[in-house]
Amino acid sequence: MLRYRTADLGAVLQEVIVGWDDIAGALQVKTPDRSLDVLLNRWLLYQALSCRVRARSAFYQAGGAHGFRDQLQDVMALTVAAREVTREHLLTAAAHQFPEGDVQHWWHPPSGRGVRTRISDDLIWLPFAALHYVEVTGDEGVLDEPAQFVEGAPLEPDEVERYFAPTLSKESATLFEHCARALDRSLEVGKHGLPLMGSGDWNDGMNRVGFHGEGESVWLAWFLHTNLWEFAKIADRRGEKARAARWREHVDRLKTALETAGWDGDWYRRAFFDDGTPLGSSSNQECRIDSIAQSWAVISGAGDKVRAARAMAAVEEYLVKRGDGLVLLFTPPFDRTPLDPGYIKGYLPGVRENGGQYTHAALWSLIAFAALGEGDKAGELFSILNPINHAGTRAGVYRYKVEPYVAAADVYAEPPHVGRGGWTWYTGSAGWMYRAGVEWILGFRFRGAALHVDPCIPRSWPGYQITFRYHSARYELVVENPHGATRGVSRIAVDGKELEKDVRAIPLADDGARHRIEVQLG
Ligand code: GLC
């Protein structure tokens with residue numbers, strides 16, 4: 001770049017360093033696990049922001065495109081350290097939605113060329129990320145911000161996707177309306193009362209499970225359930241009573257379908273093919289159990305409590321491979337089945353989405369264990385997924401073979417490559433690993449002008465500390481665990497003053513001062 005020929009490069013470098021220090025300085029942790037600290041204090045945020053959000057490029061994928069669902073998930077991890085990045089991206093993503101409610105699966109800036117598809121989950125990540133941003137920051141005003149739509153011819157009945165440059169619509173709407181259209185468009189169900197899977201849900205490789213328009217997704221039902229439920233509350237506050245009522249009715253129907261057709265007997269099924277054949281069921285030879293249908297039963301808060309716990313026990317039994325140090329997406333991998341789930345079958349068994357450790361989904365398993373209060377397991381899973389631990393020995397280095405300081409999208413699960421790291425850097429698992437550590441294990445949650453602390457830690461931890469910034473103020477949070485608990489806050493004091501027993505929201509002050517919060521567990 002020409003401007004760097006005459007610039008004072010020392011000053012430019014200084015600016016870069018200060019910029020990253022500022023982001024990292026938003027939150028620093030000190031736990032008994034040094035390798036966790038190294039990831040949470042610097043590397044995961046660096047990976048998420050520099051590689052995923054800004055460059056959108058790395059060795060395994062030098063794309064440059066925005067994936068609709070991808071960067072929306074990445075920026076969720078930035079709400080603490082760089083909330084303006086999250087806010088801005090919500091509006092950018094909204095501007096890649098068609099007035100009909102569907103969105104570009106990915107697009108290339110600056111032209112906006114991209115692909116219109118029948119993928120069923122993309123659009124719902126907009127309300128999901130918006131909800132998280134509003135919850136963390138309290139900035140509900142973002143929902144009133146306007147964004148334009150993009151326009152283009154709808155897909156023909158027999159067309160699965162089309163790559164084109166849409167035109168900018170004259171129509172503009174609030175972010176709330178963008179989110180609402182995404183939800184309104186997602187209410188169609190199939191024969192079992194579950195949402196239509198279209199040409200794929202979160203698992204891109206399962207693109208032929210429902211591409212004739214009849215296949216259904218169990219995972220999507222959990223995901224939609226949580227979004228409709230939460231967004232109905234916002235719709236109520238905005239006077240959108242009809243929408244709120246419609247969404248709540250749909251939530252009830254989804255719940256029934258999930259606990260009938262969705263339940264397999266020991267865990268939740270993953271999907272139904274166009275012809276009604278189940279997937280992720282004990283009746284399948286391959287992909288008998290898929291983790292995301294179990295973890296989201298918990299994360300959504302919608303699964304029957306007893307069944308959801310049982311389903312996660314099945315995840316532990318079949319998908320957590322302690323000997324190999326892997327947490328699988330599903331098992332067994334696709335290999336010889338006559339079923340046609342999609343291009344996922346083109347990956348070797350145990351590689352990427354085909355039954356490998358798909359770290360993104362493995363983090364959802366971790367989060368689900370934490371949500372169930374299983375602190376030892378959550379901590380153990382973090383250690384398994386932590387890339388630093390893969391390369392802690394000489395043998396580990398030869399086995400893992402990739403960078404130990406960034407999250408890897410996948411780790412191979414079948415011989416002769418068990419434990420070999422796959423696609424590093426450009427992976428959405430970085431942001432989720434950060435969130436799993438900060439929000440679920442350390443239980444650190446901003447809620448507007450309050451902080452909630454609800455840790456779920458290994459019982460062997462004597463405690464941990466977090467220093468963080470709240471606007472102009474600096475806080476030091478000290479958590480002590482004298483009785484070996486995994487969860488359950490028994491005492492909170494702010495600047496030496498104890499909070500009432502039933503008060504769990506710690507008020508935060510934007511006053512330029514330094515404060516100290518003490519929390520006791522057990
Ligand atoms: C890749 C894609 C992401 C997808 C995931 C699972 O990471 O970028 O959009 O959800 O794979 O298939």
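One can find the structure itself at the top, above this paragraph.
The structure presented is a predicted model; accordingly, all values stated were derived computationally and were not measured.

On to a nonpolar patch on the surface. A contiguous nonpolar patch, built from M1, Y4 and L9 and spanning about 350 Å² of accessible area, is present on the exposed surface. Mapped onto the elements of the fold, Y4 is located in helix α1 (residues 3-6). Relative accessible area serves as the criterion here: at 33%, Y4 is assigned to the partly exposed category.

Opposite charge on two side chains permits them to pair, given that their charged atoms come into close proximity. Applying the stated criterion to the full structure yields 45 salt bridges. Among the salt bridges present, the one from D139 reaches R87, with a minimum N-O distance of 2.8 Å. You can see D139 sitting in the loop between α6 (125-137) and β5 (146-151) and its partner R87 sitting in helix α5 (residues 83-94), a full 52 residues away along the chain. With a shortest N-O distance of 2.8 Å, E439 and R435 are connected by a salt bridge. With E439 and R435 both in helix α16 (residues 429-441) and 4 residues apart, the pair spans about one turn of that helix. The pair formed by E439 and R435 is uniform in burial state, with each residue classed as buried. One salt-bridge network, held together by shared partners, links E171, E177, R181, D184, E240, R243 and R246.

Attention now moves to the environment of D236. Along the chain, D236 turns up in helix α8 (residues 218-237). Ignoring anything within four residues of it in the chain, the contact list for D236 reads K241, A244 and R248.

Along the polypeptide, D264 turns up in the loop between α9 (241-260) and β9 (271-272). Residue D264 is classed as buried on the basis of its relative accessible area, which comes to 15%. Setting aside its immediate chain neighbours within four residues, D264 contacts R269, S281 and S282. At 2.9 Å, the side chain of D264 forms a polar contact with the side chain of S281. Only 2.8 Å separates the side chain of D264 from the backbone nitrogen of S282, close enough to count as a polar contact.

Moving on, we come to empty space enclosed by the protein. Inspection of every chain in the model, using the stated rule, returns 2 cavities of 30 Å³ or more. For the largest cavity, the calculated volume is near 50 Å³. In this structure, the largest cavity is lined by V80, V136, V438, E439, F444, R445, F446 and R447. Among the secondary structure elements, those contributing two or more residues to the lining of the largest cavity are α16 and β17 (444-447). Here the lining of the largest cavity gets 4 residues from one element, more than from any other, and that element is β17. Looking at the second largest cavity, its volume works out to about 30 Å³. Per-element tally for the lining of the second largest cavity: the top contributor is α16, with 4 residues. Its residues placed into classes, the lining of the second largest cavity shows 5 nonpolar, 1 polar and 2 charged.

On to the sheet that holds strand β18 (residues 450-453), then. Here we have 3 strands laid out as an open sheet, ordered β17-β18-β23, and antiparallel in their pairing. Strands with a single pairing partner mark the edges of an open sheet, and in this sheet they are β17 and β23 (505-507). This sheet shows a mean twist of 35 degrees between the axes of neighbouring strands, independent of strand direction.

Where helix α7 (residues 175-184) meets α9, the axes come as close as 11 Å, and the angle between the chain directions of the two elements is 35 degrees. Crossing handedness for the pair α7 and α9: left-handed. Residue-level inspection shows F176, E177, A180, R181, L183 and D184 of α7 in contact with α9, the latter providing R243, R246 and W247. Here the contact of α7 with α9 is built from residues that sort into 4 nonpolar, no polar and 5 charged.

We now examine unusual backbone geometry. That bond from P109 to P110 is cis: its omega, 0 degrees, falls within 30 degrees of zero. Assignment of secondary structure puts P110 in the loop between β3 (104-108) and β4 (113-117). Here the phi dihedral of W425 falls at roughly 65 degrees; this positive angle occurs in a residue that is not glycine. Within the fold, W425 resides in the loop between β16 (410-411) and α16. Of note in the backbone geometry, H471 takes a positive phi value of approximately 45 degrees without being a glycine. Mapped onto the fold, H471 is located in the loop between β19 (463-470) and β20 (473-480). Residue classification places H471 among the partly exposed residues on the basis of a relative accessible area of 46%.

About the cut-offs
- Residues numbered from 1 in each chain as written.
- Predicted model: local features only at pLDDT ≥ 70, side-chain atom pairs only at ≥ 80, totals over all residues.
- Heavy atoms only, no water.
- Patch = residues over 30% accessible without salt bridge, like charges linked within 9 Å, V, L, I, M, F, W, Y side chains within 5 Å.
- Areas by Shrake-Rupley, 256 points an atom, 1.4 Å probe, with all protein chains shown as cover.
- Salt bridge = Lys/Arg side-chain N within 4 Å of Asp/Glu carboxyl O.
- Helix = DSSP H or I, 4+ residues; strand = E, 2+ residues; numbered from the N terminus.
- Buried < 20%, exposed > 50% of the residue type's maximum accessible area, 1.4 Å probe, protein only.
- Contact = heavy atoms within 4.5 Å.
- Polar contact = N/O pair within 3.5 Å; in protein donor to acceptor, adjacent residues only side chain to side chain.
- 1 Å grid on protein atoms, 1.4 Å probe; cavity = no way out; pocket = protein on both sides within 12 Å on 5 of 7 lines; lining within 4 Å.
- Points joined across faces, edges and corners; volume = space filled by probe spheres on them.
- Nonpolar A, V, L, I, M, F, W, Y, C, P; charged D, E, K, R; others polar.
- Pairing = 2+ DSSP bridges.
- Axes fitted to C-alpha atoms, helices over the stretch in contact; angles between N-to-C directions.
- Left-handed = near helix turned anticlockwise from the far one by under 90°.

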